[in-house]
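Understanding the architecture of this molecule
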Amino acid sequence: MVHLNQPRKLASATGSPLASSIALRITEMIHSGAFGQGHQLPSERNLAKELAVSRGVVRLALKELASHGLIESKTNCRPIIAKPNTREPNQLRSIRIWLWPNMADFAAASIMKGIQGAGLDESVRLVVGHAPGGNWDSIYEAERRFLSSLASETETFGVIVWLLGHHRSFEALRALREKNVPMVFIDRLPPAGIDSDYVGTNNESAARTGVRHLLGLGHRRVALLTNIDTCSAVRERESGYRRALADYGVPLDENLILRDSIDEPEGVEQLVESMLSLKERPTAVFCINDHLALQVQEALTTRNIQIPERMSVLGFDGLLRWVPRGGSLTTLNQDFERMGQLAAELVIERMTGSAPSAYKHYLLDAPLADNGSTAPPAISLPSNGGILR
């Protein structure tokens, strides 16, 4: 197990993860033959509409493509495709990437920025798939189809996968393993029976640090709001919560662990109602991810419960780093960009035969970012530090 404490900063032509992800999507459209050599790209307006982003983001993406020599830009003219892919199929190598939830998401875009910044040889293509919107069944099925389609590929390739479906995708993963396709899992551990490289966050240690932060402020009634996902990241964060309580000698109250089984806004409303209906209300809440934490903040605010004066809220992910000053949610910042970079380096090592036979697991730190949603509890603790009654 490798622990990394010093993430490496990477440069980008635009500094925008979203613009970089859009540049990648346009590049894939070029490689697919949608745009030919010497042909003009569609207008910024049409590209923005097709890719569901603003014209400003498209403009930054085109700037990045121009910096890599893929398009030629002239004043008052639409950009022209400069470099078609002229290699023979047997000369190509590609990295197939399955991301969650889509390329416009901060985490996914940051991972892609890291992959692009890994110093890949120009002969390497990046082919990206992501889940469509809709219910979880359609998302799992899309993942299964993407991974299953790779089993018949003849081109040399490796796979970076942010696994969601697990059981549904297991047969496809096993088929890829039997073909010795290099695979690197990110964020979630490989399923049992699939030995592989892995790059993720030291979830247990980070969650432990975050909950200890709350306990250090004086909270003794700390709720855990989580979901019913059984993936490794969720399990590890809950373990960190439990360990932090043990560190402070605070008895575990199972009533303070509440699970959202609906995964919709109404599910969060029910979760918050259940928490506030407890005979002894918590004074702080640790949410399993930022998506849930932000919904909890909103639900508490609509009930006139001030944050952090009457309830401290802690998240996990760092999804608001694109907001000036990081937003108002105290959280644990995952290094998604470094995650993508390491995954790309690992899969290339496997593809070129330069990696050792033993699989590598990298765990990245997720440091605490105090953005103002946590504070000491409003009611003073007993002098012995025990639980309020």
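Above this text sits the structure in question.
Residues numbered from 1 in each chain as written. Predicted model: local features only at pLDDT ≥ 70, side-chain atom pairs only at ≥ 80, totals over all residues. Heavy atoms only, no water.

**Let's talk about the packing of aromatic side chains**
Just so we agree on the cut-off: Only the six-membered ring of Trp is used, alongside the rings of Phe and Tyr, when aromatic pairs are assigned; centres must lie within 6.5 Å, and planes under 30 degrees apart are stacked while those over 60 apart are edge-to-face, with the rest tilted. Going along the chain from the N terminus, every DSSP run of H or I of four or more residues is numbered as a helix, and every run of E of two or more is numbered as a strand. A 1.4 Å probe rolled over the protein chains alone gives each residue an accessible area, and that area as a share of the maximum for its type sets the label: buried under 20%, exposed over 50%, partly exposed in between. Note on criteria: charge over ring means Lys NZ or Arg CZ within 6 Å of the ring centre, with the direction from the centre no more than 35 degrees off the ring normal.
Inspection of the entire model under this criterion finds four aromatic pairs. Ring geometry for Trp98 and Phe146: centres 5.1 Å apart, planes at 40°, overall tilted. Separated by 48 residues along the polypeptide, Trp98 in strand E4 (residues 93-99) and Phe146 in helix H5 (residues 136-149) bring together distant segments of the chain. Looking at Trp98, the relative accessible area reads 2%, which means it is buried. One aromatic cluster is present, built from ring pairs that chain together Trp100, Trp136 and Tyr140. Across the ring face of Phe157, the terminal group of Arg96 is positioned such that the distance to the ring centre comes to 5.0 Å. Above the plane of the ring of Phe316 lies Arg237, whose end atom (NZ or CZ) is 3.8 Å from the centre.

**Here we look at helix H8 (residues 232-247)**
Here is the rule we go by: Helix span is expected to be 1.5 Å times the residue number reduced by one.
Here H8 contains 16 residues, and its C-alpha end-to-end distance of 22 Å stays within 8% of the 22 Å for a straight helix at 1.5 Å per residue. Looking only at H8, the buried set comprises Ser232, Ala233, Val234, Arg237, Glu238, Gly240, Tyr241, Ala244 and Leu245. Positioned one or two residues after H8, Gly249 has a phi angle of 70°, which is positive.

**Re the pairing of strand E6 (residues 156-161)**
For clarity, the threshold we go by: Any two strands with at least two DSSP-identified bridges between them are counted as paired. Seen with its strands pointing away from the viewer, a crossover is right-handed if its path from the first strand over the helix to the second goes clockwise.
Burial analysis of E6 places five of its six residues in the buried class, the great majority of the element. Relative to E6, E4 runs parallel, the two sharing six bridges. Bridge pairing in E6 links Trp98 to Val161. Relative to strand E7 (residues 183-186), E6 runs parallel, the two sharing three bridges. Across the sheet, residue Val161 finds its bridge partner in E7, namely Phe185. Considered for its hand, the β-α-β crossover made up of E6, helix H6 (residues 170-178) and E7 is right-handed.

**Observations concerning helix H4 (residues 106-116)**
Rules: Whether two residues touch is decided by their heavy atoms; if any such pair falls within 4.5 Å, the residues are in contact. Polar contact is defined as a pair of N or O atoms within 3.5 Å, subject to the rule that within protein one atom must be able to donate a hydrogen and the other to accept it, and that residues adjacent in sequence are counted only when both atoms are side-chain atoms.
Burial analysis of H4 places ten of its eleven residues in the buried class, which makes it a mostly covered element. Against helix H1 (17-31), E4, strand E5 (124-130), E6, E7 and helix H11 (336-352) lie the buried residues of H4. The N-terminus of H4 is capped by Asp105, whose side-chain oxygen sits 3.0 Å from the backbone nitrogen of Ala107.

**A short note on the pattern of salt bridges**
Convention followed: Salt bridge, as applied in this entry: a Lys or Arg side-chain nitrogen positioned within 4 Å of an Asp or Glu carboxyl oxygen.
Going through the model one piece at a time under the given rule, you end up with 22 salt bridges. Between Glu153 and Arg96 there is a salt bridge, with the nearest N and O atoms lying 3.4 Å from each other. A residue pair is termed long-range when its members are at least 10 positions apart, and Glu153 in the loop between H5 and E6 and Arg96 in strand E4 qualify at 57 residues. Taking the relative accessible area as the measure of exposure, Arg96 reaches 5% and is therefore buried.

**Comments concerning the environment of Asp335**
Its location among the elements puts Asp335 in the loop between strand E13 (331-332) and H11. On the basis of relative accessible area, Asp335 is assigned to the buried category, the value being 18%. In this structure the C-alpha to C-alpha distance between Asp335 and Gly318, which are 17 residues apart in sequence, comes to 8.6 Å. Polar side-chain contacts of Asp335 include one of 3.2 Å to the backbone nitrogen of Arg338.

**Here we look at the sheet that holds strand E12 (residues 312-314)**
For clarity, the threshold we go by: Interaxial angle, 0 to 180 degrees, is taken between N-to-C directions of lines fitted to C-alpha atoms, where a helix line uses only the stretch in contact.
Taken in spatial order, the four strands make up an open sheet running E10-E9-E11-E12, and their pairing is parallel. On the outer flanks of this sheet lie strand E10 (257-260) and E12, each paired with one strand and no other. Ignoring strand direction, the axes of neighbouring strands in this sheet form an average angle of 20°. Pairing of strand E9 (residues 222-227) with strand E11 (residues 284-287) involves four bridges; the strand directions are parallel.

**As for the nonpolar core**
Using the following cut-off: We define the nonpolar core as a collection of buried residues of types Ala, Val, Leu, Ile, Met, Phe, Trp, Tyr and Cys that are connected through side-chain atoms lying within 4.5 Å of one another.
By size, the foremost hydrophobic cluster in this structure holds 43 residues, and its most contacted members are Leu225, Tyr241, Met275, Val285, Phe286, Val296 and Leu300. Of all the elements in the fold, those that place two or more residues in this core are helix H7 (203-216), E9, H8, E10, helix H9 (265-276), E11, helix H10 (290-302) and E12. The residues touching Leu300, leaving out its near neighbours within four places in the chain, are Val272, Met275, Leu276, Ile305, Ile307, Met311 and Val313. If you look at the next biggest cluster of nonpolar residues, it comprises 31 residues, including Ile95, Leu99, Ala107 and Leu346.

**A few points about the packing of H1 against H4**
Going by this rule: Working rule for angles: under 35 degrees goes down as roughly parallel, over 145 as roughly antiparallel, 65 to 115 as roughly perpendicular, anything else as oblique. Definitions for this section: a left-handed crossing has its near helix turned counterclockwise from the far helix by less than a right angle. A right-handed crossing has that turn clockwise. Think of it as three bins: nonpolar holds Ala, Val, Leu, Ile, Met, Phe, Trp, Tyr, Cys and Pro, charged holds Asp, Glu, Lys and Arg, and polar takes everything else, Gly as well.
Two numbers describe how H1 lies on H4: the axes approach to 8 Å, and their chain directions differ by 65°. Regarding the angle of H1 to H4, the classification is roughly perpendicular. Regarding H1 and H4, the two cross each other, and that crossing is left-handed. Listed contacts from H4 to Pro17, Leu18, Ser20, Ser21 and Leu24 of H1 are Ala109, Ser110, Met112, Lys113 and Gln116. Within the contact of H1 with H4, the residues separate by chemical class into five nonpolar, four polar and one charged.

**Considering the side chain of Asn227**
As for its placement among the helices and strands, Asn227 is situated in strand E9. Apart from the residues within four sequence positions on either side, Asn227 is in contact with Val234, Arg259, Asp260, Ile288 and Asn289.

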